[in-house]
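# Descriptive structure summary
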Number of protein chains: 2
Amino acid sequence: MAKPYVIGIDMGGTNTAFGLVDARGNVIASSSIKTAKHSDINDYIDELYEAITRILEENNAVGKVQGIGIGAPNSSYYTGMIEDTANLPWPCPIPLAQLITDKFGIQCIVTNDANAAAIGEMTYGAARGMKDFIMITLGTGVGSGIVVNGQMVYGHDGFAGELGHVIMKRTNGRMCGCGRCGCLEAYCSANGVARTAREFLEIRKEDSLLRSIPIDEITSKDVYDCAIQDDALAKEIFEYTGNILGEALADFCTFSSPEAFILFGGLTKSGELIMKPVRESYDRNILRNFKGKTKIILSEMKDADAAILGASALGWEAKD
Amino acid sequence: MAKPYVIGIDMGGTNTAFGLVDARGNVIASSSIKTAKHSDINDYIDELYEAITRILEENNAVGKVQGIGIGAPNSSYYTGMIEDTANLPWPCPIPLAQLITDKFGIQCIVTNDANAAAIGEMTYGAARGMKDFIMITLGTGVGSGIVVNGQMVYGHDGFAGELGHVIMKRTNGRMCGCGRCGCLEAYCSANGVARTAREFLEIRKEDSLLRSIPIDEITSKDVYDCAIQDDALAKEIFEYTGNILGEALADFCTFSSPEAFILFGGLTKSGELIMKPVRESYDRNILRNFKGKTKIILSEMKDADAAILGASALGWEAKD
């Protein structure tokens, strides 16, 4: 019989958040540690083990955990390995699932953070009951988790769903962190919005509230703050961003014709500032066959818990 | 118990080809009728019924057919309807599966022609044993059939897999038959190659064997004929085409990370003239995570039978 709890771990470049989750998707308790504190991955695993064991003891959950799910960058669901560690302090490949399974004596399942978010949305959020949807995470970068026929799309190697790296500008595209140019992520991430602000401020002459901020320090949050004060340039930055995202979603629709696109992450907090141009651009760009069929909606996951919940949902797949 | 035969029908704008197929993928007999001869769809169905019944009688197969599979343009696997009939003489929507099922008394299953090709490849061709692959059909247009986790990707409405209509040129893109600009199909179809030839001949000054052909009559076959005679401009047309297709495949890989891309259709007869630039462009454009993992190969289906075989494979899904 399945045990009553799972553990969800969200491993980011800076912090690793984790929580104890019950079958109804309540986060019973959660905490976090610094990811990059340890130069040896084993010391990191040890600290994680101690912190999680403390939570289990405090909540009378020792021996009652079905599985551990982790969302980690550039990781494969099939092998449980992190294969590329640009944002992590350890050499790759890292056999993360195996290290955790061995340390905890509980099966651990790994996937990338956007896939974990999609699983969370399907289990607890806006995608409940949907068999075909695409999750787009708009954070520091742009990630995606794709569900087809009710199943996560992992691809033949476990790395499918890297839609942040579809090329949107083939000519004079911005350099992306992946080493190529013109990726969606270079435009529609929080960093992308800040870069657009810098480009616009350099090229344009008009006044803007953004000009009161040192140009190298402008963040997407600043653009939002100015836009809600009705700053024309700031609003145009959101329109530019939303336009590219709408073009991208229209292309993605030709692939799997999803019931919905579910947008998640910091940028979606800008609400209609970003959603309106996304929808307008999508409608302008969508192939006739698909017109009016696919919803573009916001995640229903609470921010603080979303990553932990999404990862934890993987834990239910663990075998005893 | 399943019956020993299926019928495959390939419905094109000009001809409708059909055949009787056994469980090992042998086309026992085949024939064709003109699609556009009848202004009433019911007369078309009647002629199809007569022609197929003749084949069944001649091969002692009456009452031994498990199901009928049809590949038809713009059709939905879920509803069995043709929803857009730009290339057909009848008003849409057309309840094709229902009309055939009623007439023949045998369950009929419909999907678009590229999906049928993918099913054929999975059942009888180069994709046997593959759980994740993408079929690209390079014919008059560009179609696609996507398989994820061993299942066809139909999407929530049955119309998924329209990768010929991903936008490859967002600025000054060629007008596509779909009414938008810059689609893959406008460049990498047989028509696209002919258009590239016309563009190159107008812009360029250099000599070419292609200049001996009236410019409006140039076909992709002419470009091939000149290229194998070592005509520099003709070879460059294939390089240009292959370069765009390689860029597209690199983008598609970020979606479902397939084990292979399988290319099919008239353009693939050009062999290395097109495959070499496709592979080179793909390697230049692919995201690091996916480098060297995905094969780009040619279909193993014999041309004459491929469409019928692919459609017929759907027939095995029919219920008694």
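Residues numbered from 1 in each chain as written. Chains lettered and ligands numbered in written order. Predicted model: local features only at pLDDT ≥ 70, side-chain atom pairs only at ≥ 80, totals over all residues. Heavy atoms only, no water.

To continue, consider the overall build of chain A. A tally of regular secondary structure across chain A gives 9 helices and 10 strands. Scaling as 2.2 N^0.38, a compact globule of 320 residues should have a C-alpha radius of gyration of about 20 Å, and chain A matches this with 20 Å. If you line up chain A on its principal axes, its C-alpha atoms span 65 × 45 × 35 Å. Counting across all 320 residues of chain A, residues that qualify as buried make up 58%. The contacts of chain A with a sequence gap of at least 6 include a subset with a gap of at least 24, amounting to 63%. In the structure as shown, chain A presents an accessible area of about 12900 Å², 49% of it carried by carbon and sulfur atoms. Treating the 30 positive side-chain charges of chain A as one cloud and the 41 negative ones as another, the clouds have centres 5 Å apart. (Helix = DSSP H or I, 4+ residues; strand = E, 2+ residues; numbered from the N terminus. Rg over C-alpha atoms; globule rule 2.2 N^0.38 Å. Buried < 20%, exposed > 50% of the residue type's maximum accessible area, 1.4 Å probe, protein only. Contact = heavy atoms within 4.5 Å. Areas by Shrake-Rupley, 256 points an atom, 1.4 Å probe, with all protein chains shown as cover. Lys, Arg positive; Asp, Glu negative; His and termini not counted. Charge placed at Lys NZ, Arg CZ, Asp CG, Glu CD.)

Here we come to the pattern of salt bridges. Pairs can form between side chains of opposite charge once their charged atoms are near each other. The full count for this structure, using the stated rule, is 28 salt bridges over all chains. Here Asp251 of chain B and Arg170 of chain A are joined by a salt bridge, their closest N and O atoms 2.8 Å apart. Of this pair, Asp251 of chain B sits in helix 7 (residues 232–256) while Arg170 of chain A sits in the loop between strand 8 (151–152) and helix 4 (185–188), on two different chains. We classify Asp251 of chain B as buried; its relative accessible area is 7%. Exposure remark for Arg170 of chain A: the relative accessible area of 29% places this residue in the partly exposed category. Glu236 of chain B is the salt-bridge partner of Arg204 of chain B, the closest N and O atoms lying 2.3 Å from each other. (Salt bridge = Lys/Arg side-chain N within 4 Å of Asp/Glu carboxyl O.)

For the pair chain B and chain A, the superposition axis carries a translation of 0.0 Å, the fit reaches an RMSD of 0.0 Å, and the rotation angle comes to 180°. Both copies of the chain, as the preceding transformation shows, are related through a two-fold rotation axis. Most of the interface of chain B is mirrored in chain A: 100% of its interface residues are interface residues there too. (Least-squares fit on C-alpha atoms with pLDDT ≥ 70 in both.)

Residues and elements named next belong to chain B. Pairing is mixed across the open sheet formed by 5 strands, whose spatial order is 3-2-1-4-5. On the outer flanks of this sheet lie strand 3 (27–34) and strand 5 (108–111), each paired with one strand and no other. On average, adjacent strands in this sheet sit at an angle of 15° to one another, irrespective of strand direction. Examined bridge by bridge, strand 2 (residues 15–22) and strand 3 share 7 bridges and lie antiparallel to one another. Across the sheet, Phe18 pairs through a bridge with Ser31, a residue of strand 3. Packing of helix 2 (residues 96–104) onto the sheet brings it into contact with strand 1 (5–11), strand 4 (65–71) and strand 5, and relative to strand 5 it is tilted by some 155°. (Pairing = 2+ DSSP bridges. Axes fitted to C-alpha atoms, helices over the stretch in contact; angles between N-to-C directions.)

Core analysis: the biggest nonpolar cluster contains 105 residues, and Phe252 of chain A together with Phe252 of chain B have the highest contact counts within it. In this structure, Phe252 of chain B is in contact with Phe255 of chain A together with Ile134, Ile136, Leu163, Val166, Leu184 and Phe261 of chain B, ignoring residues within four places of it in sequence. (Core = buried A, V, L, I, M, F, W, Y, C linked by side-chain atoms within 4.5 Å.)

Next up on the list: the sheet that holds strand 8 (residues 151–152) of chain B. Backbone hydrogen bonds hold the strands of a sheet together, and the pairing may be parallel or antiparallel. Residues and elements named next belong to chain B. Pairing within the open sheet is mixed, and its 5 strands lie in the order 8-7-6-9-10. Of all strands in the sheet, those with a lone pairing partner are strand 8 and strand 10 (295–298), marking the two edges. Relative to strand 10, strand 9 (residues 260–264) runs parallel, the two sharing 4 bridges. Bridge pairing in strand 10 places Ile262 opposite Ile297.

A few words now on the interface of chain B and chain A. Counting from both sides, the interface comprises 44 residues of chain B and, opposite them, 44 residues of chain A. Both sides together, the interface formed by chain B and chain A hides about 3800 Å², and carbon and sulfur atoms give 50% of it. Sorting the residues of chain B by area buried against chain A places His156, Arg170 and Phe255 of chain B first, and these three jointly supply 22% of that buried surface. Here chain B is connected to chain A by 6 salt bridges. Ionic pairing is found between Arg170 of chain B and Glu247 of chain A, a salt bridge with its closest N-O pair at 3.8 Å. The tally of links from chain B across to chain A stands at 28 residue pairs in polar contact (both at pLDDT 80 or more). Mapped onto the side of chain B that touches chain A, the elements with two or more residues apiece are strand 7 (142–148), strand 8 and helix 7 of chain B. The biggest single contributor to the side of chain B that touches chain A is helix 7 of chain B, with 6 residues. Grouping the constituent residues of the side of chain B that touches chain A by class yields 19 nonpolar, 13 polar and 12 charged. (Buried area = accessible area lost by both parts, 1.4 Å probe. Polar contact = N/O pair within 3.5 Å; in protein donor to acceptor, adjacent residues only side chain to side chain. Nonpolar A, V, L, I, M, F, W, Y, C, P; charged D, E, K, R; others polar.)

Once that is clear, we can look at the side chain of Asp132 of chain B. Counting through the fold element by element, Asp132 of chain B comes out in the loop between helix 3 (113–124) and strand 6 (133–138). Despite its burial, Asp132 of chain B pairs with no opposite charge, the nearest such side chain being Lys131 of chain B at 6.8 Å. At 3.2 Å, the side chain of Asp132 of chain B and the backbone nitrogen of Asn149 of chain B are in polar contact. Those residues in contact with Asp132 of chain B that sit more than four places away from it in its chain are Gly155 and His156 of chain A together with Val147, Val148, Asn149, Pro258, Glu259 and Ala260 of chain B.

Moving on: the pairing of strand 4 (residues 65–71) of chain A. Residues and elements named next belong to chain A. Counting buried residues along strand 4, 7 of its 7 residues qualify, which places the element largely inside the surrounding structure. In terms of strand pairing, strand 1 (residues 5–11) meets strand 4 through 6 bridges, oriented parallel. Residue pairing in the sheet places Val6 in a bridge with Gly67 of strand 4. Across 4 bridges, strand 4 lies against strand 5 (residues 108–111) in parallel orientation. Bridging across to strand 5, Gly69 finds its partner in Ile109.

Take the confidence of the model for chain A next. Any region with low pLDDT has predicted coordinates that should not be read closely. Across chain A, pLDDT averages 94, with 99% of residues at or above 70. Here the predicted complex scores 0.93 on pTM and 0.93 on ipTM. (pLDDT = per-residue confidence, 0-100.)

Okay, helix 8 (residues 272–285) of chain B next. For helix 8 of chain B, with 14 residues, the first-to-last C-alpha span of 19 Å sits near the 20 Å given by 1.5 Å per residue. On its buried side, helix 8 of chain B packs onto helix 6 (220–227), helix 7, strand 9 and strand 10 of chain B. (Expected span 1.5 Å × (residues − 1).)

Now for the environment of Gly141 of chain B. Residue and element names in this part refer to chain B. In this fold, Gly141 is placed in the loop between strand 6 and strand 7. Through-space distance from the C-alpha of Gly141 to that of Asp225 is 20 Å; in sequence the pair is 84 residues apart. Those residues in contact with Gly141 that lie beyond four places of it in its chain are Glu185 and Ser189.

Moving on, we come to the packing of aromatic side chains. Residues and elements named next belong to chain A. Under the criterion given, the structure shown has 15 aromatic pairs over all chains. Each ring, one from Tyr49 and one from Phe104, has its centre 5.0 Å from the other, and the planes form 80°; the classification is edge-to-face. Here Tyr49, found in helix 1 (residues 41–58), pairs with Phe104, found in helix 2 (residues 96–104); they are 55 residues apart in sequence, far enough to count as distant. Of the residues examined, Tyr49 reaches a relative accessible area of 30% and is grouped as partly exposed. (Phe/Tyr/Trp six-rings, centres within 6.5 Å; stacked < 30°, edge-to-face > 60°.)

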